[in-house]
Amino acid sequence: MADPAAVREAFLIQRAYCDAHSAPITGRIAGALADSLTRESRTGARVLDWPGDPTADALPLRLIGGLHALDQAGAAPDLSRVFAGEVTRMDAVALILADALIVHDAALLPWLDGPPQTNEPGRSAVLMTGLLELARRFGPKLELLEIGSSAGLNLLIERYRFDLGGTNAGPADAPVLIRPEWRGAPPPQVPIDILSVRGCDIRPLDTSDAETRRRLMAYIWADNPERHARLEAAFAMLRSRPVDLVAADAADWVEARLDEPQAPGVTRVLVHSVVWQYLPVEGQRRIRAAMEAAGACATAERPLAWVRMEPDRGLARQELWLRHWPGGGEDRMRAIAHAHGLWVETL
């Protein structure tokens, strides 16, 4: 069990992470919660007595998501002033948050039950950067396998339009354009043909459910209003044509997919973003072993690759890593990025 000091430190770590990602409103809330948490509410007591690792469990984002939902529902006017950036003094923010935890205790408590679902279409830009490199190396045809797909928003990757530093990919008439701030050399402008996109999640989210959509909206940081509009458009895309998303254990699913026949001339790619930290150690080991075994059998006609965007919390950034077989299966970092894909910097 974490002690209260470790819990408060997790909120301060989250504040630093938000500040490094140009999210001062969310960072201010995280910092104020570090000071204002008490046992006067069931929610506060449960947070302070957290049984696991509060940082690894994304405990601050669980609570901030619940508070943001109250703001978006118009249930707490003073809290909405905090989320709008109108109240900035830390002592005033702390008082408003302390009051919200008591008044809205019953509404906030369930938000601690599971990890935040920050399924973010903008992360597709980072993954697409790696996919374009694979298309340059092995040819345009790709088969994507995503673990930790959440609501399936990144499974729409072949339907989004991308502008990656002037490199374009995806349908010209796509309802969602993803154009991150670009730093460094753009990815190669090469043909890319994503033949299939399949995903799994231990608990997939159904965006046809209004409550699910509300939760996903609540996890968007208040500092990024443009993400709200993009998420709404992605929901509409899912309604018009659902994605191939199943409930499954990630390791079981990867092992089964890698055992399937692979068409010649198609690169099979495992992709994921901000997922690895939530997998059990044994699941991580099995996925690595399955990829390395399949990679040992890969050929120029049937290549295998692994594209992942995962955080380095110490450096407050996301990192794009790429492995491919044939080619030795060496792990190479190709870019760093904002947590939600607002900017990408190639290396």
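Not measured: the values here are computed from a predicted model. (Residues numbered from 1 in each chain as written. Predicted model: local features only at pLDDT ≥ 70, side-chain atom pairs only at ≥ 80, totals over all residues. Heavy atoms only, no water.)

A. Region of the structure containing the layout of surface pockets. If you add up the space inside the largest pocket, you get close to 1,000 Å³. Residue lining of the largest pocket: 47 residues in total, with Pro115, Pro116, Gln117, Val274 and Tyr278 positioned closest to the centre. Of all the elements in the fold, those that place two or more residues in the lining of the largest pocket are helix H1 (4-20), helix H4 (59-72), helix H9 (210-218) and helix H11 (250-258). Element by element, the count of residues in the lining of the largest pocket is highest for H1, at 4 residues. Considered class by class, the residues forming the lining of the largest pocket number 23 nonpolar, 15 polar and 9 charged. Each pocket or cavity is described by its volume, and for the second largest pocket that value is around 150 Å³. Thr129, Gly130, Glu133, Ala185, Pro186, Pro187, Pro188, Arg334, Thr346 and Leu347 together form the lining of the second largest pocket. Among the elements that line the lining of the second largest pocket, the one with the most residues is helix H8 (residues 123-138), at 3 residues. Its residues assigned to classes, the lining of the second largest pocket shows 5 nonpolar, 3 polar and 2 charged. (1 Å grid on protein atoms, 1.4 Å probe; cavity = no way out; pocket = protein on both sides within 12 Å on 5 of 7 lines; lining within 4 Å. Points joined across faces, edges and corners; volume = space filled by probe spheres on them. Helix = DSSP H or I, 4+ residues; strand = E, 2+ residues; numbered from the N terminus. Nonpolar A, V, L, I, M, F, W, Y, C, P; charged D, E, K, R; others polar.)

B. Just the nonpolar core, in detail. Counting 43 residues, the largest nonpolar core has Met128, Leu131, Ile157, Tyr160, Phe162, Val269 and Val307 as its most contacted members. With 8 residues, the single largest contributor to this core is H8. With residues near it in sequence (within four places) discarded, Leu131 still touches Leu142, Leu144, Ile157, Ile192, Ile194, Val269, Val271 and Val307. One finds Ala2, Ala34, Val47 and Leu48 within the second-largest nonpolar core, a separate group that totals 33 residues. (Core = buried A, V, L, I, M, F, W, Y, C linked by side-chain atoms within 4.5 Å. Buried < 20%, exposed > 50% of the residue type's maximum accessible area, 1.4 Å probe, protein only. Contact = heavy atoms within 4.5 Å.)

C. The arrangement of the side chain of Thr167 in detail. Structurally, Thr167 is set in strand E3 (residues 167-169). A polar side-chain atom of Thr167 sits 2.7 Å from the main-chain carbonyl oxygen of Pro187. Those residues within four positions of Thr167 in sequence are excluded, and the remaining contacts are Leu132, Phe162, Pro186, Pro187, Pro188 and Gln189. (Polar contact = N/O pair within 3.5 Å; in protein donor to acceptor, adjacent residues only side chain to side chain.)

D. Up close: the environment of Met128. Mapped onto the fold, Met128 is located in helix H8. Distance in space between the C-alpha atoms of Met128 and Ile157 is 7.8 Å, their sequence separation being 29 residues. Met128 has contacts with Ile157, Phe162, Leu164, Ala169, Ile192 and Ile194, leaving out every residue within four places of it along the chain.

E. Looking closely at H4. Its 14 residues place the ends of H4 20 Å apart at the C-alpha level, agreeing with the 20 Å of an ideal helix rising 1.5 Å per residue. For H4, the buried fraction is high: 13 of the 14 residues fall into the buried class. A positive phi of about 70° marks Gly74, the residue just after H4. (Expected span 1.5 Å × (residues − 1).)

F. Region of interest: the packing of aromatic side chains. Evaluation of the coordinates by the stated rule reveals 3 aromatic pairs. Aromatic pair Tyr160 and Phe162: ring centres 6.3 Å apart, planes at 80°, arrangement edge-to-face. You can call Tyr160 buried: its relative accessible area is 0%. Residue classification places Phe162 among the buried residues on the basis of a relative accessible area of 0%. With 5.8 Å between their ring centres and 65° between their planes, Trp276 and Trp306 make a pair best called edge-to-face. One end of the pair, Trp276, is in the loop between strand E8 (267-273) and helix H12 (281-296); the other, Trp306, is in strand E9 (residues 304-312), and 30 residues separate them in sequence. Comparing Trp276 with Trp306, the two get one shared label, buried. Lying across the ring of Trp343, Arg183 places its NZ or CZ 4.2 Å from the centre. Here the basic side chain of Arg308 rests over the ring of Trp306, its NZ or CZ set 5.4 Å away from the ring centre. (Phe/Tyr/Trp six-rings, centres within 6.5 Å; stacked < 30°, edge-to-face > 60°. Lys NZ or Arg CZ within 6 Å of the ring centre and 35° of its normal.)

G. Representation of unusual backbone geometry within the structure. In the segment running from Trp325 into Pro326, the intervening peptide bond is cis, with an omega of -5°. Among the structural elements, Pro326 can be located in the loop between strand E10 (317-325) and strand E11 (332-337). Residue Ser150 is not a glycine yet carries a positive backbone phi of 55°. Position of Ser150 relative to the elements: it lies in the loop between strand E1 (141-147) and strand E2 (161-164).

H. Up close: the environment of Ile102. Mapping Ile102 onto the fold places it in helix H6 (residues 90-103). On a C-alpha basis, the gap between Ile102 and Ser41 in space is 5.2 Å, while along the polypeptide they are 61 residues apart.

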